[in-house]
Amino acid sequence: MKKVLFWDFDGTLGGRMDGLKGKAWSASIWEALVEHHLQHDVNRDDILPRLGQGFPWQEPEKPHIHLNTPALWWAHIESIFKQIYEDLGFSNDIANRLSATARIKYVDLPMWELYPDTLPVLQSLAEQGWSHMIVSNHVPELRTIAAHLGLQTVISEIVNSAEVGYEKPNPEIFHIAMKKSGTPHEVWMIGDNIDADVFGARQAGIPSILVREKDPRAEFQFDDLYGVAKFLAVRGTTGYQ
């Protein structure tokens, strides 16, 4: 009997230092300014409000299969960076250079980390017969990041929006994950985002668990992954049929 857990990555299993809960993009944009010694005339608080549109996951109802290579995907993201830098008062040429640096800063491997409970819980659940997949809205380098963090020992597959062209909560990314998992007898989606992870999975007919966040609309929710593990241990086989 095959049992599979779909895991979100950012905010669930880990994330980028200085940006674990939704601020990784603004952090990398700021770090580029620091790298070029241009931070003195910019208020860091002015960056975050400018990140409200343009990213593929901010329009999940639309497929983004046209951004199907790392080069195309990052060209789109760097265009967002460039507009932000220009809005902050920088010239076109400087904005281009800052955008390229912000991309490098975002995927800098030493900046990424796992939560302390991630590996212990995933390893324990694997011993109980669960297979693990990551289903994430992420950058094309997610596989490299996951390997750097040692997740290749416990994760069997990664379904990444930057590769498949669909972002959670679009049901299509969950359908792709189900197909890759071999349509298991039991499956759960676990993540920290009520819309992308909980409601998205629900639309695809997959039961879900909210973790590290609280929301009364989530049927199942826990403060950490240890709570998820305890829940699954007593739940029995009640997932996707």
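Residues numbered from 1 in each chain as written. Predicted model: local features only at pLDDT ≥ 70, side-chain atom pairs only at ≥ 80, totals over all residues. Heavy atoms only, no water.

Peer 1: Talk me through the packing of helix H1 (residues 24-35) against helix H2 (residues 70-87); I want residue IDs and the actual numbers.
Peer 2: H2 packs onto H1 with a crossing angle of 65° between their chain directions and a minimal axis gap of 12 Å. Looking at the two axes, H1 sits roughly perpendicular to H2. In this structure, H1 crosses over H2, and the sense of that crossing is right-handed. Of the residues in H2, those in contact with Trp25, Ser28, Ile29, Ala32 and Leu33 of H1 are Trp73, Trp74, Ile77, Phe81, Ile84 and Tyr85. The residue makeup of the contact of H1 with H2, split by class, is 10 nonpolar, one polar and no charged. (Axes fitted to C-alpha atoms, helices over the stretch in contact; angles between N-to-C directions. Helix = DSSP H or I, 4+ residues; strand = E, 2+ residues; numbered from the N terminus. Parallel < 35°, antiparallel > 145°, perpendicular 65-115°, else oblique. Left-handed = near helix turned anticlockwise from the far one by under 90°. Contact = heavy atoms within 4.5 Å. Nonpolar A, V, L, I, M, F, W, Y, C, P; charged D, E, K, R; others polar.)

Peer 1: Break down the sheet that holds strand S4 (residues 130-136) for me, citing the residues and quoting the values.
Peer 2: The six strands lie next to each other as S5-S4-S1-S6-S7-S8, forming an open sheet whose pairing is parallel. The sheet is open, and its two edges are formed by strand S5 (155-160) and strand S8 (221-222), each paired on a single side. One ladder, built from five bridges, connects strand S1 (residues 3-7) with S4; its direction is parallel. Its bridge partner lying in S4, Val4 is registered against Ser131. Across the face of the sheet, helix H7 (residues 171-181) comes into contact with S1, S4, S5 and strand S6 (186-191) while running at roughly 150° to S4. Across the sheet, helix H9 (residues 225-235) lies against S1, S4, S6, strand S7 (208-211) and S8, angled at about 150° from S7, the strand it touches most. (Pairing = 2+ DSSP bridges.)

Peer 1: Break down the nonpolar core for me, citing the residues and quoting the values.
Peer 2: Burial of nonpolar side chains together is a common tendency in soluble globular proteins. With 56 residues, the main nonpolar core has Phe9, Trp25 and Tyr85 as its most contacted residues. Counting residues per element, this core draws most heavily on H2, at seven residues. Leaving out residues up to four positions away in the same chain, Trp25 has contacts with Leu51, Phe55, Trp57, Trp73, Trp74, Ile77, Phe81, Tyr106 and Val139. One finds Val135, Ile176, Ala177 and Met189 within the second-largest nonpolar core, a separate group that totals 17 residues. (Core = buried A, V, L, I, M, F, W, Y, C linked by side-chain atoms within 4.5 Å. Buried < 20%, exposed > 50% of the residue type's maximum accessible area, 1.4 Å probe, protein only.)

Peer 1: Break down the confidence of the model for the chain for me, with residues and values.
Peer 2: One rule of thumb: low pLDDT means the predicted coordinates there are not for detailed reading. Mean pLDDT over the chain works out to 94, with 96% of the residues at or above the 70 mark. Every residue in residues 237-241 is under pLDDT 50, and counting partners more than four places away or in other chains gives 21 contacts. (pLDDT = per-residue confidence, 0-100.)

Peer 1: Go over the side chain of Glu141 with me, naming the residues and quoting the values.
Peer 2: On the secondary structure map, Glu141 appears in the loop between S4 and helix H5 (142-148). Buried within the structure, Glu141 lacks any salt-bridge partner; its nearest side chain of opposite charge belongs to Arg103, at an N-O separation of 4.3 Å. In this view, Glu141 contacts Trp74, Arg103 and Val107; residues no more than four positions away in its chain are not counted. (Lys, Arg positive; Asp, Glu negative; His and termini not counted. Salt bridge = Lys/Arg side-chain N within 4 Å of Asp/Glu carboxyl O.)

Peer 1: Which residues make up the pattern of salt bridges, and what are the values?
Peer 2: Applying the stated criterion across every chain, the model contains 13 salt bridges. Between Glu59 and Lys62 there is a salt bridge; the shortest N-O distance is 3.5 Å. Given a relative accessible area of 40%, Lys62 falls into the partly exposed group. Three or more residues are tied together by salt bridges with common partners; here these are Asp8, Lys168 and Asp197.

Peer 1: Summarise unusual backbone geometry; cite the residues concerned and give the values.
Peer 2: Of the consecutive residues Lys168 and Pro169, the connecting peptide bond is found in the cis state with omega at 10°. Tracing the backbone through its elements, the reader meets Pro169 in the loop between helix H6 (161-164) and H7. Residues other than glycine seldom take positive phi values, yet His37 does so here, at roughly 60°. Tracing the chain through its elements places His37 in the loop between H1 and H2. Within the chain, Arg212 stands out as a residue other than glycine whose phi angle is a positive 70°. Topologically, Arg212 is positioned in the loop between S7 and S8.

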